[in-house]
Amino acid sequence: MKYPCVHIAIKGAVQGVGFRPFVFRTAKHFAISGWVQNDASGVCIEAVGKVSDLEKFISELQSSPPPLARVQSFDVSDLPPREALSGFAITESALGEIARVDVTRDTAVCPACIREMNDPLDRRYRHPFINCTDCGPRFTIIKSLPYDRPRTTMAAFPLCDDCKKEYDSPNSRRFHAQPICCPECGPKLALLDGSGSVIACADPLAECVKLLSQGKIVAVKGLGGYHLACRADDRIAVERLRQKKMREEKPLAVMVRDVRMAEGYAKISDKERALLESPERPIVVLAKKPGSALAPNIAPRVPTLGVMLPYTPIHHLLFTEGGMPPLVMTSGNTTDEPIAFTNADALSRLGKIADAFLTHDRDIHIRNDDSIVRVAAGNPVFMRRSRGFVPDPLAALHDVQGIVALGGVLKSTVAFGRGRMCYVSQYIGAVDTVEMLDSLESVASHFMDILEVDPGLFVCDMHPGSLVRLVPKKADIPFIAVQHHHAHAVACMAENELSDKTMAVVYDGTGYGQDGGVWGGEILLADHSGFERMGHLAYMPLPGGEAAISNPGRMALALLYSEIGDAAKAACPWMNDEEKAAVIEMVKTGTQCVKTSSMGRLFDAVSALLGVCTKRTYEGQPAIELEGCADLSDIDEYDPSTSNRNNVVLISGGKIAVQAYHDFSRGTPREKVAMRFHRTIARATAIAVGKIAHMTGCDRVCLTGGCFQNVILLEQTMRLLNDLGSLVFVHRRLPPNDECISFGQIVIAGAKRIAPSVN
Ligand code: ZN
Ligand code: ZN
Ligand code: FE
């Protein structure tokens, strides 16, 4: 008797995630015969069975794939009816054809593994490297494709007989789970002192817990690098860590045992809870609970707290002993350096900081920091996208094969084109030193290995001085330059699958403008191949260039002076007369004074004018503290000061700042002034967008740029634009800051390659 037969092709991240055993089990369940195997682009299936069983089989495959799978396409085609096959089989694919598939993300150890780890009768009881098909390290241990144990850093650990049985059995939770191991055959933990000598002890974990409890700093090896850990309720330990890490005031992330523990320190919404408990396990920025027992120097001067839950078995074991308070878990580096991920590098760079190392012999192949998200307007906004999300691809909407985009300068990422998909790398950091350029190049070569992409075209920022321009030069491969804010605009557009002309409000710190100015408060009308600058923040003086960025008071004084002249001298009382005179001289004569339309600098200036943040110790601090202090209940606004000149809409940040300054000088609390300033910027933006919509007929607006990590600014602007009837789009999968630049660059390069004459 003949039965209907179908061929199913499933593309996406479906290898190494337990997809074939899932298909196998599902086929058994619905009495389907046939086979499943990996192929060049994913998984293919031939299935024979009764019509109703086939339908149920297909719908089950579509509706409940394994947790780590990311299905891009699911195509079913009919084959001629045939006899039923004898059972269902997982068949081996021909070697070499399983290359062009997606590497999956690193994920937190799953609940089933945690149960085993806590079960004294299980052979993996308290095993610090437990994982299965649904969980564990992937991206950070893979050296090349196909994804197979010999090509991971687990190659050094041959499977024991028991593990091999699980690995080979389709009925096991660990069927073909490449990184599996057990206490018998797996890596081993070790506790070292600050100089790298082994601390003799029966149980490195228990000993580590003891050191942490005593207030010591321990470097703990994680998935994508080392953390520096210490008790988060111990002010002295935290202070010591800050001094050694040279991190003055930037908030430190905290790891807690579970959500219940987190609730003692922060307010948690349902959305935030889901993010905390997600397999991606990002750091979630939460509202602090006042009066909690955390050390006040964890996140000084801001009302928020970055919290994450344990995501490796080692993290869980640190907390299972009981009694462990929340732990600071900050990246293992000194400020402005890349996170340490090899054992040798960690010892040499963190030895000065850590009292001990909790380490092991499973190598991390590539560094990958923690991701950071925050909920705004009811949805997560990425502050940093790294571990847990990389390397999930994004649709580039063009053929971008072989294009490699090198990103911006400050919050760098690199992006790789394969077919019509774009792979954005993990957060790399500020690529302004040779060390950071090395870090970028090692990330780039890792991606080219796992994606098997040969670069044919590089994309760089338009800034002539950017260090990444060395990369195409060294490789002798052509490059094109893309304007920074155009890349922002197109990144947000492409994420939302927009390709027709769209308005983009791009508010950030710095980007090289086509007129040589420092842009950063831009309203563009953009498509993938070009843009028009329809509006911007009116130019402001940036006295002494970079010096004004680390010293927001200078920016404040210069801005005020250019608006109200000598009356500005009364502002910024903490600056001495000499410094004030020097700044004013620069503005008067224009020497060492660059012009800027940067929204980031305007926020810096106002933060300083109100005395909120007068000295910047980390990037974004003045704006973060200005947002942090704002009184959300205040509903007053200043005059939004917009004007038209030659069909370009200008927002006068200077006039808005002067109003804020006068309001503050009259004795209004700075919390209220801060809120009014935020609301006024949102109002001015909406007015400008309305004017441009009227001129162009375009009602779509993208919001992008690092300033839109400011929740008040984002929510207020979205509210006003919605009221205006605009269709508002924001980033969902990438951060709005410069981490999205490489994606925009790739889409633009893809569009220009098709139509090279378009400028
Ligand atoms: Zn698991
Ligand atoms: Zn084993
Ligand atoms: Fe930017």
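Here we summarise the structure given alongside this text.

The rules behind each value
Residues numbered from 1 in each chain as written. Chains lettered and ligands numbered in written order. Predicted model: local features only at pLDDT ≥ 70, side-chain atom pairs only at ≥ 80, totals over all residues. Heavy atoms only, no water. Helix = DSSP H or I, 4+ residues; strand = E, 2+ residues; numbered from the N terminus. Contact = heavy atoms within 4.5 Å. Areas by Shrake-Rupley, 256 points an atom, 1.4 Å probe, with all protein chains shown as cover. Lys, Arg positive; Asp, Glu negative; His and termini not counted. Charge placed at Lys NZ, Arg CZ, Asp CG, Glu CD. Donors = N, O, S within 2.8 Å, 3.2 Å for Na, K, Ca; no water. Tetrahedral: all angles 85-135°; square planar, octahedral: opposite > 155°, others 65-115°. Buried < 20%, exposed > 50% of the residue type's maximum accessible area, 1.4 Å probe, protein only. Pairing = 2+ DSSP bridges. Axes fitted to C-alpha atoms, helices over the stretch in contact; angles between N-to-C directions. Salt bridge = Lys/Arg side-chain N within 4 Å of Asp/Glu carboxyl O. Polar contact = N/O pair within 3.5 Å; in protein donor to acceptor, adjacent residues only side chain to side chain. Left-handed = near helix turned anticlockwise from the far one by under 90°. Nonpolar A, V, L, I, M, F, W, Y, C, P; charged D, E, K, R; others polar. Phe/Tyr/Trp six-rings, centres within 6.5 Å; stacked < 30°, edge-to-face > 60°. Lys NZ or Arg CZ within 6 Å of the ring centre and 35° of its normal.

## A word on the overall build of the protein chain
Here is step 1 of the chain: Each helix and strand in the protein chain was counted, giving 22 helices and 31 strands.
Here is step 2 of the chain: For the protein chain, contacts bridging at least 24 residues in sequence account for 70% of all contacts bridging at least 6.
Here is step 3 of the chain: When the accessible area of the protein chain is evaluated, it comes to approximately 28300 Å², of which 52% is carbon and sulfur surface.
Here is step 4 of the chain: Taking the 83 positively charged and 87 negatively charged side chains of the protein chain as two groups, their mean positions are separated by 2 Å.

## Focus on the coordination of the zinc ion (ligand 2)
Here is step 1 of the chain: Around the zinc ion (ligand 2), the protein supplies Cys160 (SG), Cys163 (SG), Cys182 (SG) and Cys185 (SG) as donor atoms, at distances of 2.2 to 2.3 Å.
Here is step 2 of the chain: Coordination at the zinc ion (ligand 2) comes from four donor atoms whose angles at the metal span 103 to 117°, giving a geometry best classed as tetrahedral.
Here is step 3 of the chain: Spacing between the donor residues of the zinc ion (ligand 2) along their common chain follows C-x2-C-x18-C-x2-C. Across the pair, Cys163 and Cys160 agree in class, each one buried.

## Overview of the sheet that holds strand β5 (residues 88-90)
Here is step 1 of the chain: Read from one edge of the open sheet, five strands run β4-β1-β3-β2-β5, paired in mixed fashion. Among the strands making up the open sheet, the edge pair consists of β4 (70-83) and β5. For this sheet the average axis-to-axis angle between neighbouring strands, irrespective of direction, equals 15°.
Here is step 2 of the chain: With eleven bridges joining them, strand β1 (residues 2-13) and β4 adopt antiparallel strand pairing. Of the residues in β4, the one forming a bridge with Cys5 is Leu79.
Here is step 3 of the chain: Running over the sheet, helix α1 (residues 19-29) touches β1, β2 (33-39), β3 (42-48), β4 and β5 and is turned about 175° from β5.
Here is step 4 of the chain: Helix-sheet contacts for helix α2 (residues 51-63) involve β1, β3 and β4, and the interaxial angle to β1 is about 5°.

## Examining the coordination of the zinc ion (ligand 1)
Here is step 1 of the chain: Every protein donor of the zinc ion (ligand 1) is accounted for by Cys110 (SG), Cys113 (SG), Cys132 (SG) and Cys135 (SG), and the metal-donor separations fall at 2.3 Å.
Here is step 2 of the chain: Viewed at the metal, the four donor atoms of the zinc ion (ligand 1) are separated by angles of 103 to 115°, and the geometry they form is tetrahedral.

## A closer look at the side chain of Asp106
Here is step 1 of the chain: Residue position: Asp106 is located in the loop between β5 and α3 (111-117).
Here is step 2 of the chain: Buried and unpaired, Asp106 has Arg387 as its nearest opposite-charge partner, separated by 6.9 Å.
Here is step 3 of the chain: Within the structure, Asp106 has its side chain in polar contact with the backbone nitrogen of Phe139 (distance 3.0 Å).
Here is step 4 of the chain: Reaching out from Asp106, the side chain makes a polar contact with the side chain of Thr140 at a distance of 3.1 Å.
Here is step 5 of the chain: What Asp106 contacts, discounting residues up to four positions off in sequence, is Gly136, Pro137, Arg138, Phe139, Thr140, Leu223, Asn368, Arg387 and Gly388.

## Topic: the pattern of salt bridges
Here is step 1 of the chain: Enumeration according to the criterion identifies 43 salt bridges in this entry.
Here is step 2 of the chain: In this structure, Arg374 engages Glu627 in a salt bridge whose closest nitrogen and oxygen atoms are separated by 2.9 Å. One end of the pair, Arg374, is in strand β15 (residues 372-376); the other, Glu627, is in helix α18 (residues 621-629), and 253 residues separate them in sequence. Exposure class is identical for Arg374 and Glu627. Each is buried.
Here is step 3 of the chain: Arg676 serves as the salt-bridge partner of Asp663, at 2.8 Å between the closest nitrogen and oxygen.

## Brief notes about the packing of helix α5 (residues 204-213) against helix α9 (residues 313-320)
Here is step 1 of the chain: At a minimum axis separation of 10 Å, α5 and α9 run at an interaxial angle of 65°. Handedness of the crossing formed by α5 with α9: right-handed. In this structure, α5 contributes Leu205, Cys208, Val209 and Leu212 to the contact, and α9 contributes Ile314, Leu317 and Leu318.
Here is step 2 of the chain: Of the residues belonging to the contact of α5 with α9, the class tally is seven nonpolar, no polar and no charged.

## Overview of the packing of aromatic side chains
Here is step 1 of the chain: Overall, the coordinates contain nine aromatic pairs when judged by the stated rule.
Here is step 2 of the chain: With centroids separated by 5.4 Å and ring planes inclined at 55°, the aromatic side chains of Phe139 and Phe447 adopt a geometry described as tilted. A residue pair is termed long-range when its members are at least 10 positions apart, and Phe139 in the loop between α3 and α4 (161-168) and Phe447 in helix α11 (residues 434-451) qualify at 308 residues. Residue Phe139 shares its accessibility class with Phe447, and that shared class is buried.
Here is step 3 of the chain: Ring centres 4.9 Å apart and planes at 5° place the aromatic pair Phe416 and Phe447 in the stacked group. Here Phe416, found in strand β19 (residues 415-418), pairs with Phe447, found in helix α11; they are 31 residues apart in sequence, far enough to count as distant.
Here is step 4 of the chain: On the basis of relative accessible area, Phe447 is assigned to the buried category, the value being 0%.
Here is step 5 of the chain: Among the aromatic residues, those joined into a ring-pair cluster are Phe139, Phe416 and Phe447.
Here is step 6 of the chain: Here the basic side chain of Arg384 rests over the ring of Tyr427, its NZ or CZ set 5.0 Å away from the ring centre.
Here is step 7 of the chain: In this structure, Arg387 packs its charged tip against the face of Tyr311, placed 3.5 Å from the ring centre.

In short, geometric facts, not functional conclusions.
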